Amino acid sequence: CSDELFIRPLSLVLSAAVRKGITEAVARAFKDTRVKAVVLCGENGKFCGGADIREFAKAMSGPPLVPMIHAIEAGEKPVVAAIEEMALGGGLELALGCHYRVAHAKARLGLPEVTLGLLPAAGGTQRLPRLTGIPAALDLITTGRHISAQEALKLGIVDRVTEGNAVEAAVELALSVVGRPLAPRRLSNHATPLPADLDGVFEEVLVQVKRRARGAMAPVACAKAVRAAAELPYSRGLECERELMNTLFTSGQARALQYCFFAQRAAGKWSLPNGARWDNSRPRAVHTAGVIGLGTMGRGIAVCLVKAGISVVAVETEEKQLDSGRRAVRGMLERDAKRRGVTAPLHMITFTLSMQQLRDVDLVIEAVFEDMALKKSVFAELSRVCRPNALLCTNTSGLDVDELASVTDRPPLVVGMHFFAPAHVMKLLEVICGPRSSPETVATAMTLGKRLGKVSVAVGNCPGFVGNRMLKLYLDQAHFLLEEGASPEQVDQALEEFGFALGIFKVADLSGLDIGWRVRKAAGLIGPDVDPKFPSRHRQGRRYCPLPDLLCEQGRLGQKSGRGWYLYDSAGGKEARPDPAISSFLQEYRLRYGISARRITEQEVVERCVFVLANEGFRILEDGMAAAPEDIDMVYVFGYGWPRHRGGPMFHAAQVGLATVLQRLEFYHRQNPDIPHLQPSTLLRRLVGARSPPMQQWKQHIRSINSQL
Ligand SMILES: CC/C=C\C=C\CC(=O)SCCNC(=O)CCNC(=O)[C@H](O)C(C)(C)COP(=O)(O)OP(=O)(O)OC[C@H]1O[C@@H](n2cnc3c(N)ncnc32)[C@H](O)[C@@H]1OP(=O)(O)O
């Protein structure tokens, strides 16, 4: 119409073309005397997802964002942002440069740059604190969390929220403010509201930010930039923002975090050797699901399903377990509902002792004890009870999914769904594609995972799949390091400084040391022929460390028993304290076996633990158990506490340099010839021989691609 102008960016992101479009159209609108106000909106009902991350790796082209936003803010006609669905990163910064903001009630807003190893460098760190004050700006900028339109309204980030058409509401607002002074609406003119104890606030925030960051630089830089908004005039604050951004922009951490962004999305794009792919296989609709077993895993899985709107029939074998499972699941659902201010959907779950009640469900997730014979009996019964077209899924951390399928009447409808504990919290789901799992079955499990809010990664059916197959070797290294002279706390400290959420011994204590003990017994590594006083350090043709078995025999099962690699205040206690008894136990052990303890450096701890992970990752790629290095990395980032700012074990190996990884593995293998997993994998050698090509080309160096997915 004649007195307003709509400018529609062409895509979700602020690409060079979109920035050019906005810059030119705004200039035209400001010049055109018929135009009284401007409304900025996005295409297809989405305001803006921020800068185009793919452009970061290329030479800058098109108009830069900062002057574009300044020109909008400095304009003499009111500009209103109509925020539909999202205003993220540069998108929110653009909106902050507008004079008014209207958001749809369902819109999400945020400055997630920190999650990409960056900071909001189009004035975001300077404008937001001037609008919301320091504490809220620090929270949003250092965490990158998305907020709802309602929270944005409370914080003053948007001026109006509408349930109706946001563009129409923005036009209405724009027309109503024509002629009003614009100076008070320019955030760069505002003074930042300061808390009474500015130093105290920043000191406290920095401590928290550093603890959460686990070595990531961006959150700390974000806090520094906000501090500049508190202490400096806008133009100098902007310089500080730019300087901090310059350091981050080219950092390895930013590259790693941006790699993770795309790798996470790539993991959803699975393909099978038979040509079935994510985009040509139709998932089944899942309205009802059964969960068998209400132990820790089953409870978490049931909660996830109910929260995703799926009706659940939960089955246990004994009244007592059923009762405690029911109480636990209800409690979790009630706490979650309370937190979100909604009613707990307790009506969506039925608890029963009868498998017969599973006869009408679309899909069953079995989550009984990790025991093949037990799981087989459950699957045989499911075959009899369930509808012929119901999918049968097993939550297993390493058992053969195809062996289980073979006891059913429907091997193509059987798939593994490996959840991680606690299942309602952890983001990773390994979907184990058995050789007979049908494309529809895989598509259903992958899509269900996404619906449950998980990052689903398709993996092949080998012992331990991807995650636990690698974990076993990582844990072995940690145990060998103890034999050689390290302490659990020294190993954990080195790994935590590397950025792991928790050191490996703390993780082992948390999970329970008896889990691995049971697995080793099942694998025939522990048995009646092992001398309990002097257990052999070589089993099945390789070096074996009996230390964790000895601990289990002493009843030190980890956190749940109050003692494991660490000491806890009580059974189930949270705080892990170094235990002098472990130190004496290790000394006696070394003495018994004639091992002279040596000084082990942090470098050795990290290299041996981390490079062995990547080395096995290369073997997994060669075996066809994962489709791409990105999949392996996402398993580690989302399931094993790997520091996201290091990209994942495969990305890290590429970043360190494959030649260096090869050389260090060779070195450690020379020192420990009885640890075969320190021997560099064939693929690693081949890649180094091919002058370390980029990760996207690694697949071309696998001799015979034999996908087991
Ligand atoms: C001097 C420097 C000045 C300014 C600097 C500004 C910094 C920034 O703005 S950095 C970017 C900040 N924005 C984000 O971090 C948002 C990232 N995107 C998302 O969170 C989500 O993608 C979403 C926008 C909320 C949409 O989610 P959803 O609907 O679930 O779709 P997806 O599968 O996630 O994405 C679809 C498709 O789009 C690609 N994509 C999304 N955002 C970006 C982006 N910012 N840049 C490039 N590409 C993006 C995503 O990879 C998907 O691509 P496929 O090829 O389909 O996988």
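The name given to the chain in an unreviewed UniProt entry is Peroxisomal bifunctional enzyme, with Pygocentrus nattereri as the source organism. Turning to the chain, the UniProt annotation filed under Subcellular location (unreviewed entry) states: "Peroxisome". The heading Pathway (unreviewed entry) in the UniProt record of the chain holds the text "Lipid metabolism; fatty acid beta-oxidation."

*Asks:* So what about the overall build of the chain? Which residues, and what values?
*Replies:* Counting its secondary structure elements, the chain contains 27 helices and 18 strands. A compact globule built from 709 residues should have a C-alpha radius of gyration of about 27 Å, and the chain, at 28 Å, falls within 12% of that. Projected onto the principal axes, the alpha-carbon positions of the chain cover approximately 95 × 60 × 55 Å. When the 709 residues of the chain are sorted by exposure, 48% land in the buried category. The long-range share in the chain, meaning contacts at least 24 apart out of those at least 6 apart in sequence, stands at 71%.

*Asks:* Would you mind going over the nonpolar core in detail, with residue names and values included?
*Replies:* In summary, soluble globular proteins display a tendency toward joint burial of nonpolar side chains. Counting residues in hydrophobic clusters, the biggest one holds 221 residues, and the most contacted among them are Val 80, Ala 82, Ile 83, Ala 170, Val 364 and Val 431. Here this core gets 10 residues from one element, more than from any other, and that element is helix α23 (residues 602-623).

*Asks:* So what's going on with the sheet that holds strand β12 (residues 363-366)? Which residues, and what values?
*Replies:* A sheet is described by the order of its strands in space; here eight strands give the open sequence β11-β10-β9-β12-β13-β14-β15-β16, paired in mixed fashion. Each edge of the open sheet carries a strand with a single partner, namely β11 (349-352) and β16 (455-460). Shown here is a sheet whose adjacent strand axes are inclined to one another by a mean of 25°, direction ignored. The pairing of strand β15 (residues 428-433) with β16 spans six bridges and is classified as parallel. Paired with Ile 432 across the two strands is Val 459, which belongs to β16. Its contacts with the sheet place helix α13 (residues 319-340) against β10 (311-315) and β11, and it is angled at close to 165° to β11. Against the sheet, helix α14 (residues 372-385) contacts β9 (288-292), β12 and β13 (391-394), and its axis sits at roughly 165° relative to β12.

*Asks:* Describe the site of the ligand, naming the residues involved and giving the relevant values.
*Replies:* By nearness alone, 21 residues border the ligand, and Gly 49, Gly 50, Ala 51, Gly 89 and Gly 90 come closest of all. Of all the secondary-structure elements, those providing two or more residues to the shell around the ligand are β4 (86-88) and α11 (252-267). Here the residues of the shell around the ligand are counted per class, giving 13 nonpolar, four polar and four charged.

*Asks:* So what's going on with the domain arrangement of the chain? Which residues, and what values?
*Replies:* Interfaces are often described in size by the accessible area the parts lose on coming together. The assigned domain composition of the chain is domain 1 (4-250), domain 2 (288-463), domain 3 (486-593) and domain 4 (602-624 + 627-701). Centre-to-centre separation of domain 1 and domain 2, based on C-alpha positions: 42 Å.

*Asks:* Tell me about the UniProt feature "domain: 3-hydroxyacyl-CoA dehydrogenase NAD binding" (unreviewed entry) in the chain, residues and numbers included.
*Replies:* The feature "domain: 3-hydroxyacyl-CoA dehydrogenase NAD binding" (unreviewed entry), as given by UniProt, occupies residues 289-461 in the numbering adopted here. A distance of 23 Å separates the end C-alpha atoms of residues 289-461, which is 38% helix and 23% strand.

*Asks:* Please give an account of unusual backbone geometry that cites residues and values.
*Replies:* In this structure, Pro 422 follows Ala 421 across a cis peptide bond, with omega equal to -10°. With respect to the helices and strands, the residue Pro 422 is situated in the loop between β14 (414-419) and β15. Residue Arg 214 is not a glycine yet carries a positive backbone phi of 50°. Inspection of the secondary structure assignment puts Arg 214 in the loop between α8 (198-213) and α9 (218-231). A positive phi angle, near 50°, is found at Ser 692, a position not held by glycine. For Ser 692, the location among the structural elements is in the segment after α27 (682-689). The class for Ser 692 is partly exposed, based on 19 C-beta atoms found within 10 Å.

Quick notes on the rules
- Residues numbered from 1 in each chain as written.
- Predicted model: local features only at pLDDT ≥ 70, side-chain atom pairs only at ≥ 80, totals over all residues.
- UniProt positions renumbered as here; feature names shortened; annotations may be inferred.
- Helix = DSSP H or I, 4+ residues; strand = E, 2+ residues; numbered from the N terminus.
- Rg over C-alpha atoms; globule rule 2.2 N^0.38 Å.
- Buried ≥ 20, exposed ≤ 12 C-beta atoms within 10 Å, placed from the backbone.
- Contact = placed C-beta atoms within 7 Å.
- Core = buried A, V, L, I, M, F, W, Y, C linked by C-beta atoms within 7 Å.
- Pairing = 2+ DSSP bridges.
- Axes fitted to C-alpha atoms, helices over the stretch in contact; angles between N-to-C directions.
- Near = placed C-beta within 6 Å.
- Nonpolar A, V, L, I, M, F, W, Y, C, P; charged D, E, K, R; others polar.
- Domains from an automatic or database assignment.

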